[in-house]
Amino acid sequence: MVTIEKLYQQAGELHGSTCPGVILGVRMSLLGCRLIGIDEPKNSENRKKLLILVETDRCATDGIQSVTGCSIGRRTLKVVDYGILAATFYNFETKRAVRISVRTDARAKAKDQHPHEVDKNLAYITAYKTLPTEEIFIAEEVTVDLSSFELPGPPPPRSQCNVCGEEILSGREIHRGQTIVCRRCARLPLYYKPTKSIPVSGSGNQAEFDR
Ligand SMILES: [Zn+2]
Ligand SMILES: [Zn+2]
């Protein structure tokens, strides 16, 4: 049995430092998992049952990842960036989903806990570690619409962009009449703007790092 302090420490290591958000992420995970009937999220059976949708890409998300072992690469952790410190915990087996958010008065309450602590960060960390769960979080049962291509499991089939040839995971391709294209070739908005190609030969291989 891992102690909660150990969980905080591990989350801090993953995040780079222990901050109030990480603490909230850890506690939020323990609550969310418990409410959907998963006690040890990292054991091999439970790993297959759990999906988490987080509504922020900030500190708490690292806390959640650390405690639960859910990850973006395994498609068990999704960032739906609403800019809100909240997350929905979904149990594939029971289909039960519970959204945990932070009470609007939690910050003020935490601030009042240790008024004489000069290190404000530490004051929040200590408060969030010790305040009762019901004074920090709100839980609600929700339903989640998960389209099949969002789910974990074996890699989905791919299709190929008919213009540039890039492979696209099924469900993300764009249909233009009879042809299949990627976002870029469909001229849809992208998060980047290409400026120029650069050579990659002779860089980035292991030998380069070993030197
Ligand atoms: Zn942080
Ligand atoms: Zn393309």
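Residues numbered from 1 in each chain as written. Chains lettered and ligands numbered in written order. Predicted model: local features only at pLDDT ≥ 70, side-chain atom pairs only at ≥ 80, totals over all residues.

**Thoughts on the overall build of the protein chain**
Reasoning step 1: Summing up its helical and strand segments, the protein chain has eight helices and nine strands in all.
Reasoning step 2: If you line up the protein chain on its principal axes, its C-alpha atoms span 60 × 50 × 35 Å.
Reasoning step 3: Across the protein chain, every contact between residues at least 6 apart in sequence was considered, and the portion connecting residues at least 24 apart equals 60%. (Helix = DSSP H or I, 4+ residues; strand = E, 2+ residues; numbered from the N terminus. Contact = placed C-beta atoms within 7 Å.)

**A look at the nonpolar core**
Reasoning step 1: Within the largest apolar cluster, 36 residues are counted, with the highest numbers of intra-cluster contacts made by Ile52, Ala87, Phe89 and Tyr128.
Reasoning step 2: Counting residues per element, the ones that place at least two in this core are helix H1 (4–15), helix H2 (20–35), strand E1 (50–54), helix H4 (59–68), strand E3 (86–91), strand E4 (97–102) and helix H6 (120–130).
Reasoning step 3: Of the residues forming this core, the biggest block, six residues, is contributed by H2.
Reasoning step 4: Once residues lying within four places of it in the same chain are set aside, the contact partners of Phe89 are Gly32, Cys33, Leu35, Ile36, Leu50, Ile52, Ala97, Val98 and Ile100. (Core = buried A, V, L, I, M, F, W, Y, C linked by C-beta atoms within 7 Å. Buried ≥ 20, exposed ≤ 12 C-beta atoms within 10 Å, placed from the backbone.)

**Regarding the domain arrangement of the protein chain**
Reasoning step 1: Partitioning the protein chain into domains gives domain 1 (4–149) and domain 2 (154–191).
Reasoning step 2: One C-alpha centre belongs to domain 1, the other to domain 2; they are set 34 Å apart. (Domains from an automatic or database assignment.)

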